[in-house]
Amino acid sequence: MDIVELREKAMHLPLRPGVYIMKNSRDEIIYIGKAKALKNRVSQYFGSDKNHPEKVRRMVSNVDHFDYIICASEFEALVLECSLIKQHKPRYNILLKDDKGYSYIRISDDQWRRISFEMQKKDDGAKYLGPYMSAWYARNAVDEALKIFRLPSCTRVFPRDIGKGRPCLNYFIKQCSAPCAGKISLSDYNESVDSAVSFLSRGDSESVRQMTEKMNEAAENLEFELAAKLRDRINAVKRITEKQNVVAANVREQDVIGAACEKGDICFAVIRFSDGRLYDKEDFIIKDAGESPDLPSLRSEFIQQYYTMRERIPPVVALDGEAEDQELLAMWLTEKRGKTVRISLPQKGDNMRLVEMSRENAAERLAQSHGHLGHELTALDELAKLLGLTKLPRYIESYDISHHAGSDNVAGMVVFKDGRPYKSSYRRFEIKGFTGQDDYGSMNEVIERRIKEYYKNPDSGSGFGQLPDLILLDGGKGQVSAVRPVLEKYGLDIPLFGMVKDNHHRTRAITDEGREIAISSKRRAFTLVSTIQDEVHRFAIGYHRSKAAKRTLATSLTEIPGIGQTRAKALLTAFKTLKRIKEAEIEELMGVKGMNEPAAQAVYKYFHPEEN
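## Concerning the overall build of the protein chain
Phase 1: A tally of regular secondary structure across the protein chain gives 20 helices and 19 strands.
Phase 2: A compact globule built from 612 residues would reach a C-alpha radius of gyration of about 25 Å, whereas the protein chain, at 34 Å, exceeds it by more than 25%.
Phase 3: If you line up the protein chain on its principal axes, its C-alpha atoms span 95 × 85 × 45 Å.
Phase 4: Looking at the protein chain as a whole, 48% of its 612 residues qualify as buried.
Phase 5: Roughly 31,300 Å² of accessible area belongs to the protein chain as shown, and the carbon and sulfur atoms make up 48% of that amount.
Phase 6: On the protein chain, the mean spot of the 95 positive side-chain charges and the mean spot of the 89 negative ones are 2 Å from each other.

Okay, here's the thing in structure tokens:
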């Protein structure tokens, strides 16, 4: 069927809950969805595609026909949808790869035993602890044990490599006992391994109890060195436990889900808590979700897929934003768990902090997949939410005006790409439209000149050839009001804000023409905006100072007979500094545009009076 026939068929569907099944020309199922009213939902696909994400447009272009199943309720439709997606795995539904397997902790069976994390259990004579469902937990437990009991994590082989090199940094920061350098005996080393195995197999509380008994016994026997070593281990275990407790805070059992978007991809991070401690972390990247993805819909799809794969469902699932059909999802999770499940959107306190942590983890994972740092992506995400932007401001331009009582009036433009300075696109402007002091008029002129440069070579790349996702002006409402008409004149819908400073010249807020938005509570966004404001101020004032210095030098050169402002500027452009002009020979001076032999001789004689 063509798109017209598909829409005609959709318009005849009933206004009842159900599941629709999209198929291609080979009769393969490519998408399964649910609807509260089948007619309304399905017909949307075959109308105007202007509001559809790219992924939906691609799916619709492959639809040849569709089927549907009427259900008694929207909840029944949700249950059926989950079942059918699990069964058929349609191409255009979110399909999470469940690579969750068992993992193990391995204790080798050689003379100098080593503890390591392994994904598979082998028949190699070694001792294995596990299996563990959470690879993240097992890997972190090994890392903690090695640090607490000062066991090596390197690839050196003992006793072969003993005495063949200096100890590494871990020895000096007290995270390794350096058997490689002979700093510990075999008996003491294996005693540390036994303690580490006890810690890993019995848990921190039992391990602390046993070590406390041994410490007290050693102290009674006047074995103070052993007692001190045990005391240090106990303190290390407690520090690790306290660190976990700080993360978990008052959370007993729940999952926390956060999302990050970049370049059309989305990452969902799930942080899982049980018995007041973080015990697992997972992340999933979904490709080609579109530049402006429908996050509520995607969250709903993700939750369905994730808990279809997982047996354990907590009493609380905390999200970093709204999910489509949230009440239905809670009902579905409640039925699967057999007890009440609540979906929450924390706005403050410990749970809000955990939601932010999950979002940062998602941003970090997504940033790694795209080759840059996660904290930059998190800052852009915070800024976008703060300013109500529909997409991440990956390309930000910022402007500042600099002058001295109206003289040497200049402006600087800096660019931040993906949260980092993009210096190849920095630009400088000399104010030409008027003389005197007018910051608003200067800002208006600069932005109009910048936009005109764009239209000379539109969409040609960085610099003037690319329009920004966000413009930040160094200033308040006045600067924003002065620039807004320029954007409207050219029909550009670019988010525009001013950066307001406090009495100590530090960033205080962001403003548009009607309100001020405090940013101090958003740490990463605040740091980013402050950095941008400091950078554009530095760049603009640096240009102003260099221009003022050249003007001063040019003024001193005009004292020479036959040298006016034009020749003075030409000399400074050619030689850059007054020192190089002094050192130049007559022939070099004559080579400057606008100079002749009499003028060159006058300059040379001025700086070499002893030869006159």
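## Concerning the environment of Gln347
Phase 1: Along the chain, Gln347 turns up in the loop between β11 (342-344) and α12 (349-370).
Phase 2: Taking relative accessible area as the criterion, Gln347 reaches 65% and is therefore assigned exposed.
Phase 3: On a C-alpha basis, the gap between Gln347 and Asp320 in space is 9.0 Å, while along the polypeptide they are 27 residues apart.
Phase 4: Polar contacts involving the side chain of Gln347 include one to the main-chain carbonyl oxygen of Leu345, which spans 3.0 Å.

## Comments concerning empty space enclosed by the protein
Phase 1: What the rule picks out here adds up to two cavities of 30 Å³ or more.
Phase 2: For the largest cavity, the calculated volume is near 40 Å³.
Phase 3: Considering only residue class, the lining of the largest cavity consists of eight nonpolar, no polar and one charged.
Phase 4: Of the pockets and cavities examined, the second largest cavity occupies roughly 30 Å³.
Phase 5: Around the second largest cavity sit Glu81, Ile85, Asn93, Ile94, Glu301, Gln304 and Gln305, which together line it.
Phase 6: Elements supplying a minimum of two residues to the lining of the second largest cavity: α4 (74-88) and α10 (295-309).
Phase 7: Broken down by element, the lining of the second largest cavity gets its largest block of residues, three residues, from α10.

## A short note on the confidence of the model for the protein chain
Phase 1: When the pLDDT values of the protein chain are averaged, the result is 84; 92% of them are 70 or greater.
Phase 2: Low pLDDT, under 50, characterises residues 243-249; the predicted model gives this stretch 17 contacts beyond four residues in sequence or across chains.

## Things to note about the pairing of strand β2 (residues 29-35)
Taken residue by residue, a regular strand's side chains alternate between the two faces of the sheet.
Phase 1: Most of β2 sits inside the fold, with six of its seven residues counted as buried.
Phase 2: Pairing of strand β1 (residues 18-23) with β2, which is carried by six bridges, proceeds in the antiparallel orientation. Residue pairing for β2: Met22 is matched across the bridge by Tyr31.

## A few points about the side chain of Asn409
Phase 1: One can find Asn409 in strand β13 (residues 407-417).
Phase 2: Residue Asn409 is classed as buried on the basis of its relative accessible area of 7%.
Phase 3: At 3.5 Å, the side chain of Asn409 and the side chain of Ser442 are in polar contact.

## Focus on the packing of α4 against helix α11 (residues 326-337)
Phase 1: Look at α4 against α11: their axes get within 10 Å of each other, and the N-to-C directions meet at 65°. Where α4 crosses over α11, the two elements pack in a sense that is right-handed. Facing α4, whose interface residues are Glu74, Phe75, Leu78, Val79 and Cys82, α11 presents Leu328, Leu329, Met331, Trp332 and Glu335.
Phase 2: Tallied by class, residues from the contact of α4 with α11 come to eight nonpolar, no polar and two charged.

## Things to note about a negative patch on the surface
Phase 1: Together, Glu585, Glu587, Glu588 and Glu597 give the surface a local cluster of negative charge.
Phase 2: Following the sequence through the fold, Glu587 ends up in helix α19 (residues 586-590).

## Here we look at the state of the cysteines
Phase 1: Taken as a whole, this structure holds zero disulfides when the rule is applied.
Phase 2: We note that Cys154 lacks a disulfide partner, and the nearest cysteine sulfur, in Cys168, lies 6.1 Å from it.
Phase 3: Cys154 sits in the partly exposed class, given a relative accessible area of 32%.
Phase 4: Lacking any disulfide linkage, Cys176 is separated from the closest cysteine sulfur, that of Cys168, by 5.6 Å.
Phase 5: For Cys176, a relative accessible area of 9% gives the class buried.

## So, α10
Phase 1: Between the first and last C-alpha of α10 there are 21 Å, a value that for 15 residues agrees with the 21 Å anticipated at 1.5 Å per step.
Phase 2: Of all 15 residues making up α10, 14 are buried, and the element is well covered by its neighbours.

## Focus: the sheet that holds strand β8 (residues 265-274)
Two strands in a sheet stick together by hydrogen bonds in their backbones, pointing the same way (parallel) or opposite ways (antiparallel).
Phase 1: One open sheet holds the five strands; their spatial order is β9-β8-β7-β10-β11, and the pairing between them is mixed. Each edge of the open sheet is held by one strand with a lone partner, namely β9 (277-286) and β11. Sheet twist, expressed as the average angle between the axes of neighbouring strands with direction ignored, equals 20°.
Phase 2: Both strand β7 (residues 254-262) and β8 contribute to a ladder of nine bridges, which runs antiparallel. Within the sheet, the bridge partner assigned to Glu262 lies in β8 and is Asp265.
Phase 3: Contacts between α10 and the sheet are confined to β7, β8, β9 and β10 (316-319), with β8 contributing the most and set at about 50° to the helix.

The rules behind each value
Residues numbered from 1 in each chain as written. Predicted model: local features only at pLDDT ≥ 70, side-chain atom pairs only at ≥ 80, totals over all residues. Heavy atoms only, no water. Helix = DSSP H or I, 4+ residues; strand = E, 2+ residues; numbered from the N terminus. Rg over C-alpha atoms; globule rule 2.2 N^0.38 Å. Buried < 20%, exposed > 50% of the residue type's maximum accessible area, 1.4 Å probe, protein only. Areas by Shrake-Rupley, 256 points an atom, 1.4 Å probe, with all protein chains shown as cover. Lys, Arg positive; Asp, Glu negative; His and termini not counted. Charge placed at Lys NZ, Arg CZ, Asp CG, Glu CD. Polar contact = N/O pair within 3.5 Å; in protein donor to acceptor, adjacent residues only side chain to side chain. 1 Å grid on protein atoms, 1.4 Å probe; cavity = no way out; pocket = protein on both sides within 12 Å on 5 of 7 lines; lining within 4 Å. Points joined across faces, edges and corners; volume = space filled by probe spheres on them. Nonpolar A, V, L, I, M, F, W, Y, C, P; charged D, E, K, R; others polar. pLDDT = per-residue confidence, 0-100. Contact = heavy atoms within 4.5 Å. Pairing = 2+ DSSP bridges. Axes fitted to C-alpha atoms, helices over the stretch in contact; angles between N-to-C directions. Left-handed = near helix turned anticlockwise from the far one by under 90°. Patch = residues over 30% accessible without salt bridge, like charges linked within 9 Å, V, L, I, M, F, W, Y side chains within 5 Å. Salt bridge = Lys/Arg side-chain N within 4 Å of Asp/Glu carboxyl O. Disulfide = S-S within 2.5 Å. Expected span 1.5 Å × (residues − 1).

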